[in-house]
Each structure stands twice: as structure tokens, then as C-alpha cells.
Amino acid sequence: MTKETATALVEVKEIHKVFDLGSHFLQKHKPKVRAINDVSFSIYEGDSFCLVGESGCGKSTLARTVMGLLEPTAGEIHYRGQRIDHLKHKQRRPYHRSMSMIFQNPYASLNPRRTIQKTLEEPLRFHFPDLSTQEIKEKVEEVMVSVGNDPSWGKRYPHEFSGGQRQRLSIARALMVDPDFIVADEPISALDVSIQAQVLNVMMDAQEKRNLTYLFITHDLSVVEHFGSTVGVMYLGSLCELAQTKTLFAKPRHPYTQILLSAIPKLSCEEMQHSKLTGEVPSAMSLPSGCVFHNRCPYANHRCETEIPLLRSLEDGRAVSCHGVEEGRIDA
Amino acid sequence: MNRLKTALDSDFFYRFKTDKVAIVSFSVLMLFFLAALFAPLLSPMDPHDPIQIDIMDSEIPPLWSSGADTDPDERFLLGTDQQGRDMLSAILYGLRISIVIGLFAVAVQMIIGIAIGLISGYFGGRIDSFFMRLADIQLSLSTMMIAIIVLAIFQASFGADLYEELAIFMLVMVIGIAEWPQYARTIRASVLAEKNKEYVDAARVIGLGAPTIIMRHILPNTLSPLLVISTVQVANAIISEAALSFLGLGMPVTMPSLGSLISSGFEFIFSGSWWITVIPSVVLILLILTINLLGDWLRDVLNPKLYKG
Amino acid sequence: MALLEVKDLHVEFPTRRGVLKALQGINFTVKRGERLGIVGESGAGKSLAAFAIINLLSKPGRIAGGEILFEGKDLTSLSHKDMRSIRGNRIAMIFQDPMMTLNPVLTIGTQMIETLKAHRKMSDEEAKLIAIDRLTEVRIPSAEARLKSYPHELSGGMRQRVVIAIALLAEPALIIADEPTTALDVTIQAEIMSLMLDLCKTRNVGLILITHDLAVVSQVTQKILVMYAGHVVEQGKTADVIPAPHHPYTSGLISALPQQNHQGKRLYQIPGSMPTLNALPPGCPFAPRCGFADDPCSEKLPDLLTVKHRRVRCFKAETLSAQGSLS
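To start, this report covers the structure provided alongside it. (Residues numbered from 1 in each chain as written. Chains lettered and ligands numbered in written order. Predicted model: local features only at pLDDT ≥ 70, side-chain atom pairs only at ≥ 80, totals over all residues.)

Below, the discussion takes up the overall build of chain A. Across its full length, chain A holds eleven helices and twelve strands. Over its C-alpha atoms chain A spans a radius of gyration of 21 Å, differing by no more than 12% from the 20 Å that the globule rule assigns to 332 residues. Looking at chain A as a whole, 47% of its 332 residues qualify as buried. Within chain A, residue pairs in contact and separated by at least 24 positions form 65% of the contacts whose partners lie at least 6 positions apart. (Helix = DSSP H or I, 4+ residues; strand = E, 2+ residues; numbered from the N terminus. Rg over C-alpha atoms; globule rule 2.2 N^0.38 Å. Buried ≥ 20, exposed ≤ 12 C-beta atoms within 10 Å, placed from the backbone. Contact = placed C-beta atoms within 7 Å.)

Structure representation (C-alpha cells):
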């Protein structure tokens, strides 16, 4: 792999995130939610790094931690080699310009009381206060056209637009300051099927034209297969498998990835297969000992119950955190 | 023109148009406001000017009234009070003073309440706990009690003359400061709901500072509940002022508000001069009723959950 | 005889700006044990069809025409009381949000036992046994212990199973499931869907599955109804429609799925978005977004024509299918 030599754009290093649940003065022990446990990965320039997992696996928390919306409990976030997670608000400013975000809910991510023009101008006026009104207007027009929106929408309010149009407006806002890196948190899961393709296309076009790097959060594996270049599969706050998309989809190695892949509904007129997954996702308030997946894993043994598996690289470039794979119990 | 057209076409206006209670209360309220605004033009005399008052005209009954000791006089449509002041003029000026105190007191409440509510809600933690406990303490003391204590002390220590000069200002401040927790709590609740929405995250991702986010993004989205409680609060402030005046702690008799008018006529009610008290009372009740009805209507319209259910 | 026969169903919503035609002439039948999928985007009217059948249209919506024959009786003319007994007994409803069915302040057991006793005379003990039996049937582990749980103590997938178990208490002949797995994770979706599939087969129950997910429909149902802006645009056997759609909209929906596209390449996309009901174009509602539309399409609404074993609402279905433009 040539990527080993390239420097990573974003590095996530041993991130932990623990939420204290509302403590009560009568309670001795504060309940804690261990949302992310020791997750590390690197995102290289030009990548579309997809994080997949089911609800509650910590993928959105991780995305928000990378963007600085949440502070990690432990660990570091690096951007172009610089540590950014501990920066003060003012020092962080250049990174706010090069990192941008697209949100899940197009109905909540645009301020309902501001016109489209004002919403789109805001990042520009903030980061480039010297720009003239004319320059700002031109930039807004350019970006609006590039995401397939009519530039004359500026005077209108978000509620006048459909979900797909709003999501494209949200993308436009993210693109206003020409960022290098965009975090997209479930950007298409609230949209209708025929609109999902439109939004994905806009995102792929933008990547091609503007040389963007994406961190794409989703629960939809079929989108990952199409969109992602690298995939990280998360389960209950831990990274189970990290691989090139093609490698992963050709042959998933971690038992959870295998089950996740088999559960994707496929467009075929054959009756669906039974999913092999038993039981429920345990609560992040009381994580299972050892491997977090052991109580639902068909291959679990005593070691899995006691020892936390580490993410180990395999010869085909992927990394898997599973004792079974490491020991060769789960066949290659 | 275009804006007017959109406004006239909006759901808000449609629901106003189809609700008789809303139309009637709005019209009556507007009538009161206009009357208060143009009081100097509408009144036959200036009730604050002692030169225009003739003690010989005292206690003349309203025009339509008969059977009283004195005969009605054509100059005084609603009769006169014990000083010979024209009731119509006194009521128009009194309405003006009551509404001014109501609005300004609410403005004071709003400024304090919004500032504290925004800060509490957005930053949370200790700041939030501090302000909310302060609000709890404030709410556990009744507005009237605070007002009575403060005004009585002021009157006693600075004398009645200075008090008469500063009465409006004092009433506005006292009623304003005593009721801020209502606003602070309402605002804080909406801030808590709004600050977790993605558009606030989007603003944080841009890198905007807390003051910009609060003022530009959160505040405009918390305004509709404000509108609703403001109507109720204006009514409450007017009532508080009337009550204080009635107790002799409000507006002086030389510059009467509706409350002081009611109060000053109260001693004559059994001597047959009912109009001095009853007419301002009716005006006060109508004013409060219309404001509250309008407030109820606003709450129904602005709360979509209530509407659907 | 068909279990459910919907004939020319019209639903409309009177508003102050005129009447919105939310459903315009829907026809379909469901036999016992048959599985029908209704697919469409949000606002296409797919849920309305279900709510119209069980007479739960939200105000001011109303059935403006047509018949809904269930076991021979016309549901549109039934009294509220008769309708209620059919709704609880013969037709079961499963919603996207299980909490629409479950009462948050009662235990699962209480809710199930009360449902049972409301319909049939039996002792608490008998009812409890039946409840445990149903919970086991929907593959809930340690069913007896679960009777004491409150809905909030269960995960989303478990709650949906409980809802299915409650639906099965009254031995329904038809289950209407409105986006039953949309709020659930893929692995749980797969389990719930395979559970529903098994139940329909073993109990010979009819199923109407309402969803936006073509892949799920293709794996679960035998018949499919594709809706667009209040109209049925294509309807037929799932095995005929999915591999070879004949309406440009159906075809577009399928082509837009990431699975159908080359990895990393632009996806096929349908331009624009579905018109809202108050701004329906004259003629075919899909014409403004359709790559094959010409003048007649934007002037007159096409009828449902029979083309290759299915019904298609498109003037050009035959030509397009002959050219193979929709493959």
C-alpha cells in the first residue's frame, strides 16, 4: 500500500469518551456511559473514510469529537500532524476553516429563522472578514450552482424547501470556506430513496472538484460499499475491523462484520436469510468484559470473555480486533 | 407590498380572521391603546393640571345617570371625582399610565430574564444552578410582598414628594425586577431545547463564538414562547400596578393610574358616587381580559402540539 | 375469495385552499397468507392506504370513494363499534414506532393479558400462558420474565417483537405493517423481517408491508404496489416488477440504489423531487422528472395499462419495454 508513506490528514489516537450521566446528590456512583473505547485510525488525503455501525456504537460521538464539538476523555486528534483536540477556541480558528461538517437531519441543521443567503454567508464573513459584498455574493452563487441548487433561493427560508434541497444547502454551507476535510454524519439517512442518490452524487462531485477528504458516518453498508474507500466497523464503542472497502466487502473477517454484511437487505426476489446474530447490544453503561462482542459472537471462547482484543494488522492491509482471527480459529 | 401579501396569506392571519374572540379582543385592545396614545387629544381637560380642576364640579354623576344628589353636567360625560376632575380625562390618562407601566415593567423583566435565561441555558453547569436557585428564591417571595416592602421603605426614607416624582420609574423597576424569573425560566427551557439542534452545532463547527451563537442563532428561535408569556406578563404588571396603587403605594392621586382612580373613589362608593370607582374598574377589567384572551389565542396558534391534539 | 379487496379507493383532505387528493383510485387484493408490499417515498400516500383500510385516517382526511371489502364486508360502511372489533381481532397493525401501540405505564404482561381478556373470557392464568406462548413465538428469550418488564426497559427491536406478539394474540387474518423496521438497525431489521415472514407462512396470515425500502420488499413480498403522489404507478408480482420494472419511476428507484451502481461512480439519479399534493402537475405526476416524457404525458393522466403481467400507469410502458430502455 502506497498510503503508508503518505502523511495522514486526520489521525485519531487512542480516543476514549466517557459521558457522566446526570449525577444526583443522593447517588454515590455516577453512572457512566463508555461511548468510545480506545479507537485509533488515520484518514489520508483524498480518502472517503466510512465509519459504520449500528445505533449506539459511538460513531456519531466519534465524528463530533473529531470536529471538536465534544472533548475526548482521553486520547488525541491530530490534523496535518498538529494536535488539535486541546486547542483553545481562538487557536482552533484555522482548523474551523479547513474542517467542515454535514448533519443528519436536514430539517434541524439550518436555522429556521435565517434566510438561505445569511446562512451561507455566515462562514465566509466569519473566516474572511475582508471580502467585499460582491465577492461574497459571487462565492455563494458559485457554491449553490455546484451543489445543484438555484442561486436565486437566497432570500427564502429553509422551511420552503424539501429535504433533499435542504441537505444540498447544508452541503453548500459546508463548502463555503473551501475546506479540505468534511465530516458527514448520516447525511442521507433522513432522505427518500430517490433523493439519496442525488445527495451522494453531489458529495462525490464535490470531492472530485475540490479534492476533499470525507469522514462519512453511516449505518447503511450498501452506501459504504459504493462511496467509501476505507471502512471502519464499530461495535459498542470499539473498532472491530478497519480495511479498504474492496477488501472488506470481498471477505469480512471480524464475526460482527460478517453478520452485518449478511443482514443488508438485497434487491433480489429470493427470500431473505435468517440473520445469525442472537441477543441484544449490551448497554454502554456496563460493557461486557473482554471482547465487547463476545456474548453475541458464535465463535467466542474463554479468552474472548476475559481479554480485550487489540486491533492487529493482517497481511492484506486490514486490521481486525478479534482473538479468533488472530488465533486462526476463524478461517481466512 | 410583497411582504404584506405573504403576511395576509399566512396561516397566522387566517386563524386570526376565523377566530371571533381574537378579532374582538384585538379590536378592543387596539381601541384602548389608541385611546391611551391620543389621550391628550381626546380628553376634554388635563387631569394633571390643578388649574383646570374646579372643586365646585366635584362628584357630578355620569351623563346618563339620574337620581343622584347632583345633576349630570354636559361637560362631564362620565362625571367627575371628589376633586371635580373629569372622569373621562382621568381614565384616559390613567389608562395611559397603566399601559406605560405595564409595558416598561415587562421590558425590564424581559431584558433581565432573557439575559439570564440565555446564559443559564447555554452554559449550564454552575452558572445555571446559581441563577435557577436565585429564581426559585425570588419566586418563593410574592411579587406584591417585595413591591410593598421596597416601595414603603422608599416612601418612608425619601419622603412623599420625591416619591411622587419618581413613582412611575419606581413601579416599573420594582415590578420589572420582581418578575424576571418567569422570563428566565421560559427562555432557559427553550434554549435547552434549541442548543441541541444541529443548526447550533453547525454554527459551532464554523467556529463562531458563544455570544454570536447565542444572539444570532438561539435567541431568534426562542421568541415565540416569549410572545405568549409577554401578553400574560403585561396583564400581570398592570394588575400589580393597580393593586399597589390601590394600597396607596403606587401612583399618587395627582397623577392617577387606573388603580389609584379606583382607590380614590373607593371611599365614596357608599355615599352614592359609584362611578368614580366602578368605571375605571370596568376599564381595567376589560383591558386585562382582552390581553389575556389574546394571549390564550396566541398560545394556541404558536403551539403546534396543542393545535394537533 | 380474497381476504381483503380494495376497490377504487379515494382519500382526500379538505383544506382551506381546496381539496387535496391524497389517494386517487387504488385497487388491490390480498389473499390469506399472501404478502403485499406498498412502496413509495414519504408523501406518496402509502401509509394513508393502510390508515384508510382500518378507518383511522387522521382528521380532516376522509374516504371519498371506493370500497374496502374485508372477508366480504365493506369496511367503509361499518359502524365505529364493528370497526373496532375488526381492528383488534381480525386486522392487526404494526407501526414504525412501537410506542404507538404499547402503553408506557403498564407492564408487557398486563397489556397482553388485558388484550386477551377484552376479546375472550378466560382466567388470568390462561391468559398468561397464551401471552408467554406468543412471546416465545416471536423469539423473545425468557418470555415469562419479560411479562414483568415495562416497555421502556426493552430495546427497540424487542419492543417491536412485543408489538407483533400482541398483534398475534387475537389470531388476526391480516397484518398491516407500516415501516415496521425503519427505526431499527440492519441486523435487527433482518431478524424482525424474517420473523414476520415465518409468521405469515405458519399462520397463513395476509401481510401488507408498507415501506420505502425496495430491497426489503423484494425479499419479503409476493406482490408489489408502487405509489407516487397518490397514484399507483406500477403494480404486479414482485418477481415480475423488481427484475424488470416497466414504469420509469420504479426503474429509476431501483437504478438509484447504490447496490445497482458501479462502485465509486456517480449514482443514477432521478432529478427533482416528488410534487406536493397541492402542486400536482396536470397529466402524469411523474412527467416533470421523467426522462421519457413528452407532450401527452404532461397533458393527460395515463390509465393503468396491462403490460407484461403487471399494471403500469405510463403511456410509453409498452414502447419502452420493447426498446429495453428501462433495464
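Moving on, there is more to tell.
This part takes up the overall build of chain C. Each helix and strand in chain C was counted, giving twelve helices and twelve strands. Over its C-alpha trace chain C gives a radius of gyration of 21 Å, about what one expects of a compact globule, namely 20 Å for 327 residues. The principal-axis extents of the C-alpha atoms in chain C amount to approximately 70 × 50 × 40 Å. Split into buried and exposed, the 327 residues of chain C put 48% on the buried side. In chain C, the share of contacts with a sequence separation of at least 24, taken over all contacts with a separation of at least 6, comes to 63%.

Okay, the interface of chain A and chain C next. Opposite the 34 residues of chain A that make contact, chain C presents 39 residues. Mapped by element, the contributors of at least two residues to the side of chain A that touches chain C are α6 (193-210), α7 (221-227) and α9 (255-262) of chain A. For the side of chain A that touches chain C, the element with the most residues is α6 of chain A, which contributes eight residues. Looking at side-chain class alone, the side of chain A that touches chain C contains 15 nonpolar, twelve polar and seven charged residues. (Nonpolar A, V, L, I, M, F, W, Y, C, P; charged D, E, K, R; others polar.)

Residues and elements named next belong to chain C. Counting buried residues in strand β8 (residues 206-211) gives six out of six residues, a clear majority hidden from the surface. Relative to β8, strand β3 (residues 35-39) runs parallel, the two being bridged by five bridges. Along β8, the bridge assignment pairs Leu36 with Ile208. Looking at chain direction, strand β7 (residues 174-178) and β8 are connected through five bridges and run parallel. Looking across to β8, one finds that Ile175 is bridged to Leu207. The parallel pair β7 and β8, bridged by helix α7 (residues 186-203), forms a crossover whose chirality is right-handed. (Pairing = 2+ DSSP bridges. Right-handed = clockwise from strand over helix to strand, strands pointing away.)

If you look at soluble globular proteins, the nonpolar side chains tend to sit buried side by side. Ranked by size, the top nonpolar core spans 254 residues in total, and within it Ile91 of chain B together with Ile208 of chain C carry the most contacts. Ranked by the residues each element gives to this core, the list is headed by helix α5 (residues 87-123) of chain B, at 18 residues. Leave out the neighbours within four places in its chain, and Ile208 of chain C touches Val30, Leu36, Ile38, Ala50, Ile176 and Ala177 of chain C. (Core = buried A, V, L, I, M, F, W, Y, C linked by C-beta atoms within 7 Å.)

On to helix α3 (residues 116-127) of chain A. Restricting attention to buried positions, one finds in α3 of chain A the residues Ile116, Thr119, Leu120, Glu121, Glu122, Pro123 and Leu124 of chain A. Taken together, the buried residues of α3 of chain A touch α4 (133-146) and α5 (163-175) of chain A together with α9 (198-206) of chain B.

Helix length check: helix α6 (residues 156-169) of chain C (14 residues) gives 20 Å between terminal C-alpha atoms against 20 Å at 1.5 Å per residue, within 8%. Looking one or two residues past α6 of chain C, Glu171 of chain C carries a phi angle of roughly 55°, positive in sign. (Expected span 1.5 Å × (residues − 1).)

Residues and elements named next belong to chain A. Spatial strand order, β6-β7-β8-β3-β9-β10-β12-β11: eight strands in an open sheet with mixed pairing. Taken across any chain shown, the strands that pair with only one partner, and hence form the sheet edges, are β6 (99-102) and β11 (312-313). Strands in contact with α9 are β9 (230-235) and β10 (238-244); relative to β9, the strand with the most contacts, it is inclined by about 100°. (Axes fitted to C-alpha atoms, helices over the stretch in contact; angles between N-to-C directions.)

What follows is about the sheet that holds strand β12 (residues 310-312) of chain C. Pairing between the strands of a sheet is mediated by backbone hydrogen bonds and can be parallel or antiparallel. Residues and elements named next belong to chain C. Spatially, the eight strands line up as an open sheet ordered β6-β7-β8-β3-β9-β10-β12-β11, and their pairing is mixed. In this open sheet, the two edge strands, each paired with only one partner strand, are β6 (91-94) and β11 (305-307). Across the sheet, the mean angle separating the axes of adjacent strands is 20° when strand polarity is ignored. As defined by bridge partners, strand β9 (residues 223-228) adjoins strand β10 (residues 231-237) across six bridges and the pair is classed as antiparallel. Paired with Val226 across the strands is Glu234, a residue of β10.

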